[in-house]
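Working through the structure, step by step
The primary structure of each chain is shown beneath.
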Amino acid sequence: MPDVDVLVVGAGPAGAVAAWQAKLAGPELDVVLLERDRAVGSPVRCAEGVGDAGLREFVNPDGADWVSRKITDVIFEAPDDTQVVLANSGLGWVLDRTRFDAFLAAQAGAAGAAVLVGAEATAMSRNGDQRWQVRVKQRGTEETYRARVVVGADGVETMVGRWAGLETRVPARDMESCAQYVLQGIDFNPDAIYLQFSNAIAPGGYAWIFPKGVGVANVGLGIVALRSDGRNAQQYLDAWVARRFPNGARTGYTVGGVIVHTTIKKTYGDGVMIAGDAAHMINPLSGGGINNAMKAGRLAGCTAAAAIRAGDTSERRLAGYHHAWMELLGEDHLKYYRIKQALEHMDDAFLNALAHTVNRIAPNKRTLGRVFTHALIKHPQLIPLAARFFV
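Residues numbered from 1 in each chain as written. Predicted model: local features only at pLDDT ≥ 70, side-chain atom pairs only at ≥ 80, totals over all residues. Heavy atoms only, no water.

Now for the overall build of the chain. Of the regular secondary structure elements, the chain holds ten helices and 18 strands. In terms of overall dimensions, the chain has C-alpha extents of about 65 × 45 × 40 Å along its principal axes. Sorting the 391 residues of the chain into buried and exposed places 52% on the buried side. Here the analysis covers contacts within the chain between residues at least 6 apart in sequence; of these, 70% occur between residues at least 24 apart. (Helix = DSSP H or I, 4+ residues; strand = E, 2+ residues; numbered from the N terminus. Buried < 20%, exposed > 50% of the residue type's maximum accessible area, 1.4 Å probe, protein only. Contact = heavy atoms within 4.5 Å.)

Below you can see the structure in the form of C-alpha cells.
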C-alpha cells in the first residue's frame, strides 16, 4: 500500500497545477497525479477559450505550440444576427487543450510529481486512519494509495467530493448541456470570438464561435434543459449550424455539461480539498473555467504542502483554502450569478432592440460597460445587481 503525501485525482488544469504547485512548495513531498483517461487532455470537452491575464499567471502563450489562435476582438450577436463589435475587449487565446493539458501535466512531472495515466480512482475511505485510502485501478490491476491529502480535481461528475461527504449536487436550472462541432471551411473573422444570445437558438445559454485557425473553429452552444422545447443540445446546434454554416465540414464533435452555479458551500474536509469544475469554480455568466481551475489548483497545492509541513491536515486547517478562494474569485461569482439570473428575463425582442441601439454608439466607445448601461436603462431592476461591476 503506497504511502504518498499528496494524491491529486484528475489531470485537467486544476489537478495538474495542484500537483505542480504542491511539489514546488514542498520538494520533499511525494506527489502523485492520476488521470483516468489514456492521455492527458483527451477528449476535449470545452470551447478552449481563455483570457490573457489569467493565463499568464502560470504560462507564457507567446509562440506556444498549445495555442490555436490569438483573439483580439469580441463580437456579440443578437437573435436576429445583428452584430455588436466590442471596443477594448482585451486579449484572449483559443487553446489546443490536448496539448495544453499535457503541457501542464508535464510541468508537474518536471517538478517531480509522478504522473499516472489510465489510472482511475474507484473508491476512497478514511477508517480512523489519519490518511485517506484511495483504491486505484490501472491496466487491469488495483492498488490502494494512502494519502495525507487528496485533491479532487475530477470534474463535473466528481467522485472525490462525494466520497468525502461534500455536497456537490447541481440544481437542474444551473446545469447547461453543451454540444460542439469543429467546423472547417467556414467564413468568419478568425481574430474574434462570437457569442450569440437567443432563447430560440440556445435557451438559458448562448451559442459560440471560437476560432482555431482561418476557416476553422469550435462552433457550439449550451442550453438549460428546463428552458428548452424538448430538443437536446445537439439538435439545437444542428439547427443553428444548418442556418449559419450549411457548407461547413464537421471534423470533430463533443458533448458535455457545464455548471453555471456558484462555488459549493464547502470545498474541504479532513485531508481533502476539491478544485475546479468539481467545486463549481466556474464563472456563472460565461461558463468559463480554465483560468479559474488553475488558480484553484494553485491554492489547493500550496495549501496541501503547507498543511503537511505543519503536521496538520485537519478540516480546520484546510478551511483556509476555501476562504482564500472565496476572497480571490468565489465572492465575485456569487455576484455574477445574481446578474445571470436577472439577464434571464431579457427576451429575444429586447436583445434585438438593444443591439440596434448599441450600434449607434461610436465603435471606439462601444465597451461592455456602455452596452450594459443601455440594458440597465431598459431593465432598471438590474441596476442594484450590476452597477458596481460593469458601469
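The element strand 13 (residues 192-196) is extensively covered by neighbouring structure, given that five of its five residues are classed as buried. Of the two faces of strand 13, the one carrying Ala-192, Tyr-194 and Gln-196 and the one carrying Ile-193 and Leu-195 are both buried. Summarising the sheet, strand 5 (residues 73-77) and strand 13 pair through five bridges and their orientation is parallel. Counterpart to Val-74 in the pairing with strand 13 is Ile-193. Summarising the sheet, strand 13 and strand 14 (residues 207-213) pair through three bridges and their orientation is antiparallel. Paired with Tyr-194 across the bridge in strand 14 is Ile-209. (Pairing = 2+ DSSP bridges.)

Counting residues in hydrophobic clusters, the biggest one holds 72 residues, and the most contacted among them are Leu-34, Leu-55, Leu-95, Phe-100, Val-150 and Met-273. Those residues within four positions of Leu-34 in sequence are excluded, and the remaining contacts are Leu-7, Val-8, Val-9, Gly-10, Ala-11, Leu-116, Ala-119, Ala-121 and Val-136. (Core = buried A, V, L, I, M, F, W, Y, C linked by side-chain atoms within 4.5 Å.)

Strand order in this open sheet of three strands is 3-7-4, and the pairing throughout is antiparallel. Every interior strand has two partners, whereas the edge strands, strand 3 (49-51) and strand 4 (67-71), have only one. On average, each strand axis in the sheet is inclined to that of its neighbour by 25 degrees, with strand direction left out of account. Across four bridges, strand 4 lies against strand 7 (residues 92-95) in antiparallel orientation. In the sheet register, Ile-71 faces strand 7, and the bridge partner there is Gly-92. (Axes fitted to C-alpha atoms, helices over the stretch in contact; angles between N-to-C directions.)

So, about the sheet that holds strand 6 (residues 83-85). Taken in spatial order, the seven strands of this open sheet run 6-5-13-14-15-12-16, and their pairing is mixed. Each edge of the sheet is formed by a strand with only one pairing partner; in this case those strands are strand 6 and strand 16 (249-259). Averaged over all pairs of adjacent strands, the angle between their axes in this sheet comes to 20 degrees, without regard to strand direction. Where strand 5 lies against strand 6, three bridges are found, and the strand directions are antiparallel. In the sheet register, Phe-76 faces strand 6, and the bridge partner there is Val-84.

The next subject is the packing of aromatic side chains. The final tally for this structure, using the stated rule, is six aromatic pairs. Ring pairing ties together the aromatic residues Phe-76, Phe-197, Tyr-206 and Trp-208, which thus form one cluster. Here Arg-231 stacks its cationic end above the ring of Tyr-236, 3.9 Å away from the centre of that ring. The ring of Tyr-268 carries Lys-266 above its face, with NZ or CZ at 5.5 Å from the centroid. (Phe/Tyr/Trp six-rings, centres within 6.5 Å; stacked < 30°, edge-to-face > 60°. Lys NZ or Arg CZ within 6 Å of the ring centre and 35° of its normal.)

Turning our eyes to something else, we now look at the environment of Ala-106. Structurally, the position occupied by Ala-106 is in helix 3 (residues 97-111). Residue Ala-106 is classed as partly exposed on the basis of its relative accessible area, which comes to 43%. On a C-alpha basis, the gap between Ala-106 and Ala-278 in space is 22 Å, while along the polypeptide they are 172 residues apart.

Quick look at the pairing of strand 2 (residues 31-35) now. In terms of residue burial, strand 2 counts as a mostly covered element, since five of its five residues are buried. Alternating residues of strand 2 divide into Val-31, Leu-33 and Glu-35 and Val-32 and Leu-34, and every residue in both groups is buried. Across four bridges, the pairing between strand 1 (residues 3-9) and strand 2 is parallel. The partner of Val-9 across the bridge, within strand 2, is Leu-34. Bridge analysis of strand 2 against strand 8 (residues 114-117) gives four bridges, and the strand direction is parallel. Its bridge partner lying in strand 8, Leu-33 is registered against Val-115.

Its twelve residues give helix 5 (residues 233-244) an end-to-end C-alpha distance of 16 Å, which sits within 8% of 16 Å, the value for a rise of 1.5 Å per residue. Among the residues making up helix 5, those that are buried are Ala-233, Tyr-236, Leu-237, Trp-240, Val-241 and Arg-244. Summarising the axial view, the buried residues of helix 5 lie within an arc of 130 degrees, below the 170-degree limit, and thus occupy one face. Residues of helix 5 that are buried sit in contact with strand 5, strand 12 (175-184), strand 13, strand 14, strand 15 (216-224) and strand 16. (Expected span 1.5 Å × (residues − 1). Arc of directions from axis to C-beta.)

Note on backbone geometry: most residues besides glycine have negative phi, and most peptide bonds are trans. Here the amide bond leading from Ser-42 into Pro-43 is cis, since omega sits at 0 degrees, within 30 degrees of zero. With respect to the helices and strands, Pro-43 occurs in the loop between strand 2 and strand 3. With phi around 75 degrees, Asp-81 is a residue other than glycine that occupies positive phi space. Tracing the backbone shows Asp-81 in the loop between strand 5 and strand 6. The exposure class of Asp-81 is partly exposed, given its relative accessible area of 28%.

Now for the confidence of the model for the chain. When pLDDT is low, close inspection of the predicted coordinates is not appropriate. Chain-level statistics for the chain give a pLDDT mean of 92 and a share of 96% at 70 or above. Under a pLDDT of 50 for its full length, residues 385-391 has, in the predicted model, 17 contacts with residues more than four places off or in other chains. (pLDDT = per-residue confidence, 0-100.)

If you check helix 1 (residues 13-25), its first and last C-alpha atoms are 18 Å apart, about what 13 residues at 1.5 Å a residue would give, namely 18 Å. Across the 13 residues of helix 1, eleven count as buried, placing the element largely inside the fold. Buried within helix 1 we find Pro-13, Ala-14, Gly-15, Ala-16, Val-17, Ala-18, Ala-19, Trp-20, Gln-21, Ala-22 and Lys-23.

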